[in-house]
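# Understanding the architecture of this molecule
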Amino acid sequence: MEDSSSAGSSFSSRAKRKAQERAKILQREDQRRTLKLVRSGSGAPAPGPACFKVSRILKKSEWERTAEDVAELERHSETVRELCRRQMRRNILKRKQEEVFDDTDDLRRKVAQLAEAVRGARNLVVYTGAGISTAASIPDYRGPNGLWTQLQKGRSVSTSDLSEAEPTLTHMAIRMLHKEKLVQHVVSQNCDGLHLRSGLPRHVLSELHGNMFIEVCTSCSPAREWIRLFDVTERTALHRHGTGRLCGHCGGELCDTIVHFGERGTLEQPLNWEGAVRAAGAADAILCLGSSLKVLRKYSCLWCMNRPANRRPKLYIVNLQWTPKDDLATLKIHGKCDDVMRLLMEELDIQVPSYVKAEDPIFSLATMLTPGEENSHTRKVVSPSTGLEERMTDTEGPRPGAPVQGGWFGRGYSKGRRKKKTA
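Computed from a prediction, not measured in an experiment: that's the story for all the values here.

### Brief notes about the nonpolar core
Judged by nonpolar contacts, the single largest core of 35 residues is most densely connected at Leu114, Leu177, Leu287, Leu289 and Leu348. Put simply, the parts of the chain that give this core at least two residues each are α5 (104-120), β1 (124-128), α7 (169-179), β8 (285-289), β9 (314-318), β10 (331-333) and α10 (337-348). A total of seven residues in this core trace back to one element, the largest contributor, which is α10. Not counting residues up to four positions away in its chain, the partners in contact with Leu177 are Leu182, Val183, Met341, Met345, Leu348 and Ile350.

### Some points on the side chain of Asp231
Position of Asp231 relative to the elements: it lies in the loop between β5 (224-227) and β6 (242-246). One polar contact links Asp231 to Thr233, side chain to side chain, over a distance of 2.7 Å. In this structure the side chain of Asp231 is engaged in a polar contact, spanning 2.6 Å, whose partner is the side chain of Arg379.

### Side note on the side chain of Thr168
Counting through the fold element by element, Thr168 comes out in the loop between α6 (147-152) and α7. Thr168 gets classed as buried once you look at its relative accessible area, which sits at 7%.

### Digging into the pattern of salt bridges
The full count for this structure, using the stated rule, is 15 salt bridges. Here Glu164 makes a salt bridge to Lys380, at a shortest N to O gap of 3.7 Å. With Glu164 in the loop between α6 and α7 and Lys380 in the loop between α11 (362-365) and α12 (386-392), the pair connects residues that are 216 residues apart, well separated along the chain. Owing to a relative accessible area of 34%, Glu164 belongs among the partly exposed residues under this scheme. By relative accessible area, Lys380 is classed as partly exposed at 32%. The residue Arg228 makes a salt bridge to Glu215 at a minimum N-O spacing of 2.6 Å. With a gap of 13 residues between them, Arg228 in the loop between β5 and β6 and Glu215 in strand β4 (residues 214-217) connect regions that are remote in the sequence.

### A closer look at the sheet that holds β8
Judged by pairing direction, the sheet is parallel, and its six strands sit side by side in the order β3-β2-β1-β8-β9-β10 without closing on themselves. The open sheet has two free edges, formed respectively by β3 (205-207) and β10, since each of these has just one partner strand. Averaged over all adjacent pairs, the angle separating strand axes in this sheet is 15°, with direction ignored. Pairing geometry for β1 and β8, over five bridges, is parallel. Counted as the bridge partner of Val126 is Leu287 from β8. The sheet strands contacting α5 are β1, β8, β9 and β10, and the helix crosses β10 at an angle near 130°.

### Quick word on the pairing of β5
Two strands pair when backbone bridges link them, and β4 and β5 are joined in this way by four bridges, in the antiparallel orientation. Opposite Ile214, over in β5, you have Ile227 as the bridge partner. Between β4 and β5, which pair antiparallel and follow one another directly, the connecting turn spans six residues.

### Observations regarding the packing of aromatic side chains
What characterises a pair of aromatic rings is the spacing of the ring centres plus the angle enclosed by the ring planes. Inspection of the entire model under this criterion finds two aromatic pairs. Considering the side-chain rings of Tyr127 and Trp303, the 5.4 Å spacing of their centres and the 85° angle between planes classify their relative orientation as edge-to-face. Linking Tyr127 in strand β1 with Trp303 in the loop between β8 and β9, this pair joins segments that are 176 residues apart in sequence. Neither Tyr127 nor Trp303 differs from the other in exposure class; each is buried. Ring geometry for Trp273 versus Tyr299: centroids 5.0 Å apart, planes at 85°, classification edge-to-face. Taken together, the positions of Trp273 in helix α9 (residues 273-282) and Tyr299 in the loop between β8 and β9 put the pair 26 residues apart, joining distant regions of the chain. Judged by relative accessible area, Trp273 falls into the partly exposed class, the value being 22%.

### Focus on the sheet that holds β6
The sheet built from four strands is open, its strands ordered β5-β4-β7-β6 with antiparallel pairing. What marks the edges here is a single partner per strand, and that holds for β5 and β6. Adjacent strand axes in the sheet meet at a mean angle of 35°, parallel and antiparallel pairs treated alike.

### Quick notes on helix α3 (residues 67-75)
Residues of α3 that are buried include every one of Asp69, Glu72 and Leu73, and no others. Buried residues of α3 fall within an arc of 100° about the axis and therefore sit on the same side. Exposed and facing more than 90 degrees away from the buried side of α3 are Ala67, Glu68, Glu74 and Arg75.

Scoring rules and cut-offs
Residues numbered from 1 in each chain as written. Predicted model: local features only at pLDDT ≥ 70, side-chain atom pairs only at ≥ 80, totals over all residues. Heavy atoms only, no water. Core = buried A, V, L, I, M, F, W, Y, C linked by side-chain atoms within 4.5 Å. Buried < 20%, exposed > 50% of the residue type's maximum accessible area, 1.4 Å probe, protein only. Helix = DSSP H or I, 4+ residues; strand = E, 2+ residues; numbered from the N terminus. Contact = heavy atoms within 4.5 Å. Polar contact = N/O pair within 3.5 Å; in protein donor to acceptor, adjacent residues only side chain to side chain. Salt bridge = Lys/Arg side-chain N within 4 Å of Asp/Glu carboxyl O. Pairing = 2+ DSSP bridges. Axes fitted to C-alpha atoms, helices over the stretch in contact; angles between N-to-C directions. Phe/Tyr/Trp six-rings, centres within 6.5 Å; stacked < 30°, edge-to-face > 60°. Arc of directions from axis to C-beta.

Structure follows, in structure tokens:
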């Protein structure tokens, strides 16, 4: 009798616990459904038309709310708290995405501080992001009109052939700072090849996400490299790196050097991780230009911010938007990279040369296509003259302004993702 009584009691308590857990789950689901209806503003009358009423009441100022409104908010206190939390998060995110500009006097004062820091640094490393290439008509990623921003809003994105871009004032200024021995190394997240084309020596450059002008044969040991005069990524995408051309030494398929999100870059060149890590370890100052730092912050080997404060490199950031490293920065400048670098070079009394296409180093570094490979791409060829461009390829490239189909900045990225998931 005792055994059956205890068994019945145990069953009863278990059933009670399950009923309580089920009730909690149903309550959470009901709350999520209510919040979803409130957020979307759609819909059918809720399981409780109160969800819309709460939203309308919260939009009123406190002195406009009636006693009935206050009672309604008290009855739905959990919903009110969650809606307030979500609104706060949205406001914070919106502020972080806004572009802020320093006024003229502040900008000049900050640039003077930066110039003093550049002069005094023993080992200055420059980290660059998409913001230094916007002046070359290459969109950034997270700005108001950036690639990811537009995609998140559900808008279509198209861009002209990026081979038409040329090094900006910032690229040329960085080259001169290295020439004057004021910058020891440059770590770039950009794939546009503009640092290389500015004349910056390759041994002081780490292109962490690859270079759109370079293809390699990974079957050769060490990997064999070809620099081309066109964007080699036309047929490539995430986890799909073959360019369609073959290695002249072993016959293996050539691959691009691009490191997409979700991939790990292992090539020695042009990524040059060894040089980047060595430079970061020796740096006593880091200058970040045009980078949101949302990707770089994941590379712990490039940051020494876990050191004691007196042993950290001093951090200087030039960006129009919030970055995750702002609180650690010695100085944050809100300005366009070209504007800041122009003022900086004036402070340092260093002349910034103009980019001259005929003197672009890519022409001396490039390997010409072999017979039979002329039609292996449709991208525009970089050339100092129209005659050379016509000799390089018989294929007509995209018309100016036409959307790029495929490639590291075109639609090939999303196509590669869809294909892999389907497979």
